[in-house]
Amino acid sequence: MAHIVILGAGTGGMPMAYEMKAIVGKKHNVTVISENDYFQFTPSNPWVAVGWRDRDSITFPLRPYLERKKINFINQRADKINAENNTLELNNGEVVEYDYLVITTGPRLAFEEVEGSGPQGHTQSVCTVDHAEGFYEGYKKLLEAPGHMVVGAMPFASCFGPAYEFAFIVDADLRKRKIRDKFPMTFVTSEPYIGHLGLGGVGDSKSMLESELRNRSIKWITNAKTTKVEDGKMFIDEMDSKGELFKQHEIEFKQSMMLPAFKGVDVLSTVEGLCNPRGFVFIDEHQRNPKYKNIYSAGVCIAIPPIEPTPVPTGAPKTGYMIESMVTATAHNIGAELEGKEPTTTATWNAICLADMGDTGAAFVALPQIPPRNVAWFKKGKWVHMAKIAFEKYFIRKMKKGTSEPLYEKYILKMMGIDKLK
């Protein structure tokens, strides 16, 4: 009987656990290890940050739902991976042996790369529900004492969609309160142009998102290398197309949400041959690490190259559909190995996304994610806003039920009128 250990229990780890258990059944053991004892639906964090959701509506405890599916759960932090010996050392001293290890940890938020940034400094984030709650506490105070807001993404950020979403959601919330006129807003991004999204743009994303920012009176700075943040002041080097300094900005603000750079979590970076210099896990076309063949990885923690060089470093995003595809490939390949076969399943690295904009929304499809593409589709409409609300409820409900179905493909593609992406 093999022991399959899944490290991490987020939007990659939970589906991974359910799909893996559905494949191996009672023949093999599946264990999830997570420092957090709860699941959080990360795409809803921007709503939490303006009070449209609370913690209870987007989180649930891990243990009862995993154990209901006969999946073991260990609520500890992994401090060391002994890849040569197939063991994990946990922060409570426990040693866990594994036959297969699946790394779905998500990223480490590298606030330290910009002095003064992050919740412990002078900017806030919507990367976790804790951070989103922290922003909301400050936001409630800001509503009583209006001022300039800065929203955007730091150098080496790789997930720009939530920054745009958040700027538009805040704008919509302030307009509903009829006080938008009291809050100047600037969007500061490391992208080379608005709508780049870490993807080299998708369809008409540049002109469409520029139009939305203009219509909502949100100014912007692109090619923005944020260098330092002080209390109420952000320092930005705006670069030209050659990566040389074009202009320096000192922007005063009352509250700021800046997405940080991502790196791999600390436990990964100490394993020789497992990761690239930023701590992301190397994988082959079957989601396996090339050096340690019994270590697989899926989600934001994998190493993929940027779409293209940019004057300020940017990474490529891993969208929910892409993560789901990686999870399915991983589960089927481990299942094949357990039956004495070679892995053959590959992920379909396509990007699809529903981005909420407060009272409307934008949807895009990039097939494949890395250009040139067979499909590059970008549309806007109130239907996206409603679809994202419905998908949030659908996804959380299915996670509680322990489904092993491909939720993004089943719901979002059907909603877009697409049967399957190939």
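Definitions and cut-offs
Residues numbered from 1 in each chain as written. Predicted model: local features only at pLDDT ≥ 70, side-chain atom pairs only at ≥ 80, totals over all residues. Heavy atoms only, no water. Pairing = 2+ DSSP bridges. Helix = DSSP H or I, 4+ residues; strand = E, 2+ residues; numbered from the N terminus. Buried < 20%, exposed > 50% of the residue type's maximum accessible area, 1.4 Å probe, protein only. 1 Å grid on protein atoms, 1.4 Å probe; cavity = no way out; pocket = protein on both sides within 12 Å on 5 of 7 lines; lining within 4 Å. Points joined across faces, edges and corners; volume = space filled by probe spheres on them. Nonpolar A, V, L, I, M, F, W, Y, C, P; charged D, E, K, R; others polar. Phe/Tyr/Trp six-rings, centres within 6.5 Å; stacked < 30°, edge-to-face > 60°. Lys NZ or Arg CZ within 6 Å of the ring centre and 35° of its normal. Axes fitted to C-alpha atoms, helices over the stretch in contact; angles between N-to-C directions. Parallel < 35°, antiparallel > 145°, perpendicular 65-115°, else oblique. Left-handed = near helix turned anticlockwise from the far one by under 90°. Contact = heavy atoms within 4.5 Å. Expected span 1.5 Å × (residues − 1).

Caption draft 1: Summary view of the pairing of strand 6 (residues 78–82). Relative to strand 7 (residues 87–90), strand 6 is paired through four bridges, and the arrangement is antiparallel. In the sheet register, Ile81 faces strand 7, and the bridge partner there is Leu88. Counting the residues that bridge the hairpin from strand 6 to strand 7 gives four residues, and of these Asn86 lies at a positive phi of roughly 60°.

Caption draft 2: Expanded view of unusual backbone geometry. Here the residue pair Leu367 and Pro368 is connected by a cis peptide bond, since its omega of -5° sits within 30 degrees of zero. The residue Pro368 is located in the loop between strand 21 (361–367) and strand 22 (375–380) in this model. Even without glycine at this site, Asn86 takes up a positive phi of about 60°. Positive phi is not limited to glycine here, since Gln287 has a value of about 75°. Here Gln287 falls in the buried class, since its relative accessible area comes to 1%.

Caption draft 3: Looking closely at empty space enclosed by the protein. Under the defined criterion, the tally for this structure stands at three cavities of 30 Å³ or more. Taken as a whole, the largest cavity holds about 140 Å³ of empty space. The wall of the largest cavity is formed by 16 residues, among which Pro15, Glu324, Phe395, Met399 and Glu405 lie closest to the centre. Among the elements that make up the lining of the largest cavity, the one with the highest residue count is helix 9 (residues 320–338) (five residues). Among the residues forming the lining of the largest cavity, the class breakdown is eight nonpolar, five polar and three charged. The calculated volume of the second largest cavity comes to roughly 100 Å³. What lines the second largest cavity is a set of 13 residues, and nearest its centre among them are Tyr164, Leu197, Leu209, Ala355 and Phe378. The element best represented in the lining of the second largest cavity is helix 6 (residues 161–176), accounting for four residues. Its residues assigned to classes, the lining of the second largest cavity comprises 10 nonpolar, one polar and two charged.

Caption draft 4: Fine view of the packing of aromatic side chains. This structure, assessed with the given rule, holds 13 aromatic pairs. Taking 6.4 Å as the distance between ring centres and 20° as the angle between the ring planes, the aromatic pair formed by Phe39 and Phe395 counts as stacked. Taken together, the residues Phe39 in strand 3 (residues 38–40) and Phe395 in helix 10 (residues 382–401) connect sequence positions 356 residues apart. As far as the burial class goes, Phe39 and Phe395 line up, both buried. Taking 4.8 Å as the distance between ring centres and 90° as the angle between the ring planes, the aromatic pair formed by Phe135 and Phe166 counts as edge-to-face. Of this pair, Phe135 sits in helix 5 (residues 129–144) while Phe166 is found in helix 6, placing the two residues 31 residues apart along the sequence. When sorted by exposure, Phe135 lands in the same class as Phe166, which is buried. Counting every residue linked through ring pairs, the aromatic cluster contains Phe39, Phe41, Phe60, Tyr65, Phe391, Tyr394, Phe395 and Tyr408. The cationic tip of Arg55 hangs over the ring face of Tyr38; the distance from NZ or CZ to the ring centre is 5.5 Å.

Caption draft 5: Region of interest: the packing of helix 1 (residues 13–24) against helix 9. For the pair helix 1 and helix 9, the least separation of the axes is 9 Å and the interaxial angle reads 30°. Looking at the two axes, helix 1 sits roughly parallel to helix 9. Between helix 1 and helix 9 the crossing geometry is right-handed. In this structure, helix 1 uses Pro15, Met16, Glu19, Met20, Ile23 and Val24 to contact helix 9, whose residues at the interface are Val327, Thr328, Thr330, Ala331, His332, Ile334, Gly335 and Leu338. Among the residues forming the contact of helix 1 with helix 9, the class breakdown is nine nonpolar, four polar and one charged.

Caption draft 6: View of helix 10. Along its 20 residues, helix 10 runs 29 Å from first to last C-alpha, staying within 8% of the 28 Å computed at 1.5 Å per residue. Downstream of helix 10 by one or two residues, Gly402 has phi in the positive range, about 80°.

Caption draft 7: Just the packing of helix 5 against helix 6, in detail. Close contact between helix 5 and helix 6 brings their axes to 13 Å; oriented N to C, the two are set at 40°. What the angle tells us is that helix 5 and helix 6 run oblique. The way helix 5 lies across helix 6 gives a crossing that is right-handed. Contacts between helix 5 and helix 6 involve Phe135, Tyr139 and Leu143 on the former and, on the latter, Phe166, Val170, Asp173 and Leu174. Within the contact of helix 5 with helix 6, the residues separate by chemical class into six nonpolar, no polar and one charged.

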